[in-house]
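Coordinate analysis (summary)
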Amino acid sequence: MATISGNKVGWRKRGLWIGVGLALLLVLAAIASTVMERKFPDKLRATVYDKSNGVYALTFKTFKVSLWRGAMTADSIELKPDTSRLVDLADSLKPSSLYDVQIKAISISGASLWRYLLHGKIKLSSLKVDEPNLTITHLRQDSTSSDEQEKSLYESIPEFLQGAQIGHVALDSMSLHWTDRRIPKVVTSAAIGKFSVELRSLVLDSASLKREDRVFFARDIMLDSDGLRYEEEGGMYRFRTGKVHLSTKEEVLELADFSCTPLFPEMEFARRLVYQGDRFDIHIAHLRMDQLDFKQMESAKSFSAKRVAIDGALLKVFVHKGMPDDPNKGPAAFPAIAFQQLKLPVKVDTVILKQSNIHYREYNPKAKRIGEVNFQRLNGTISHVTNMDAELQKDKWVRFLLQTQFMGATKLDLNVNIDMTDPNAAFNYKGSLAPRDLSFANSFLEPLALIRVEQGSLQGLHFQVAGNKFGAQSNVTILYRDLKVATLREDSGEIEKRGLFSLFVNWLKVNDSNPEKEGEQPKHSSVRYDHPQGRSFFNLLWKSLMAGIQDTAMK
């Protein structure tokens, strides 16, 4: 009995000492937290100032610490650069960019104090940043740093963050602004906001970069927004989106209501360009990229996706033919050549187009009118979209297989193949157009060619065209009956019919039917079209086809 009583007393003493020890730890933690709340902000401000050579000043309204819970909160945080300090710094110490940061609040939980004290490494359960606003200014550099070796992603991390582990990082309602002053006397600026970013299981060490289940040190990076907006100061376009979702773990990027909107009407936009150029107006109802290889983006700086689906796209292109050509502009860059020269390696297995529309509008200064060619309800696929040498060695062709309604009512089937290895941008295309009354062509023939179809019916059109940037060979068969045309002239700003001249054109120059008589073999055209080097790829596609059609219709 005495032994049992002695054990109870011993356990009571141990329990008492444990309780006293815990209470003491709580008191010490409370005291340490109070000391840190008073001392740490000043220490942190001094560290930022010293490490940045006096360029940056850190301020915040409140700062609270709980060592027992491993928690820290701060609000109204600002990191401001002092540009006047740059004058006194040596060139080698001057930063290439300045960062202006404003944050509503930061909260940290689950901080491991012992790990930091013993190993100097940061470990947190979570880091939440509310309403961060980041402004980046790229500065002009007086001296070049071309001799410096490019740092790896891990080496670019500040030393005190290397080896850090954070279970969850959340950046809520973030805004991003940047200004570029690297070109003398030229300042460009842009902004994106608002969006939220989450990072899960973030480990900032070199081993993370080698793991296939991590991208940019994290198991998953998610970006979500109800709408993004991008606009350059002094630019000609505004970019917007509806909802945005990105996940590196899901390997997906999804956009709703993407738009690239010109800031000026068609004619004013053309005048602001000074020289002849294209005005683009783009809207995409829904875009989704699947099996995005984010690891390739990180390691090889390339873009790779299994599938890109575009639904409900609208592309409007306008060009003012009355504007002068740019005397400093070289030959027009064909899409294939521009894609070959793109510094970013790209590989997309399949692009799927659904219920999309393309409108090409052109102002003719002679007619003082705008003509339009459109392709509505466009559906199809684009296969093997790549500029990677290894992929092009297996297959050099990008293939388009498309179906659309030409001018809204006539079915057009079109196959286009582009050689991605040919320095002269070799291509070929073939297709067919369904029967229709030929008057449908007047909406573009009248303002663009000063010709009107008075009567006639299309029985069918079949074409095969092959060429490169210098021109194309067209093989065309167009079947039609009872064609009558009127030539038009410009009088007092209006297009008027040239009656007597139209009569002679129909009599002397136009074949009114092909074949001329039932039972006869139709006329087939094979003509060469030489392409002016200042004109676009789409101009070549259209003009080479029209050359074959004109060769059939004209005597």
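The paragraphs below set out a description of the structure included in this document. (Residues numbered from 1 in each chain as written. Predicted model: local features only at pLDDT ≥ 70, side-chain atom pairs only at ≥ 80, totals over all residues. Heavy atoms only, no water.)

Side note on unusual backbone geometry
What you tend to see is this: most non-glycine residues have negative phi, and most peptide bonds are trans. Residue N514 is joined to P515 through a cis peptide bond whose omega torsion reads 0°. With respect to the element layout, P515 can be found in the loop between α9 (499–508) and β25 (525–530). The residue E131 is not glycine, and still its phi comes out positive at about 50°. Among the secondary structure elements, E131 is positioned in the loop between β5 (123–130) and β6 (133–138). Unlike most non-glycine residues, E251 shows phi in positive territory, near 60°. In this structure E251 comes out as partly exposed when scored by relative accessible area, which is 34%. (Helix = DSSP H or I, 4+ residues; strand = E, 2+ residues; numbered from the N terminus. Buried < 20%, exposed > 50% of the residue type's maximum accessible area, 1.4 Å probe, protein only.)

Some points on the packing of aromatic side chains
Applying the stated criterion across every chain, the model contains 10 aromatic pairs. Aromatic side chains F537 and F538 sit 5.7 Å apart centroid to centroid with 70° between the ring planes, which places their arrangement in the edge-to-face category. Residue class for F537 comes out buried when judged on its relative accessible area of 7%. By the ring-pair criterion, three or more aromatic residues cluster together here, those being F427, Y429, F463, F537 and F538. Above the face of the F264 ring, R272 is positioned so that its terminal group lies 3.8 Å from the ring centre. Sitting above the plane of the F269 ring, R279 keeps its charged end 5.8 Å from the centroid. (Phe/Tyr/Trp six-rings, centres within 6.5 Å; stacked < 30°, edge-to-face > 60°. Lys NZ or Arg CZ within 6 Å of the ring centre and 35° of its normal.)

Let's talk about the side chain of E372
Relative to the assigned elements, E372 resides in strand β17 (residues 369–386). Polar contacts involving the side chain of E372 include one to the side chain of R361, which spans 3.2 Å. Reaching out from E372, the side chain makes a polar contact with the side chain of N374 at a distance of 3.1 Å. Apart from residues lying up to four places away in sequence, E372 is in contact with H359, Y360, R361, M407, S443 and F444. (Polar contact = N/O pair within 3.5 Å; in protein donor to acceptor, adjacent residues only side chain to side chain. Contact = heavy atoms within 4.5 Å.)

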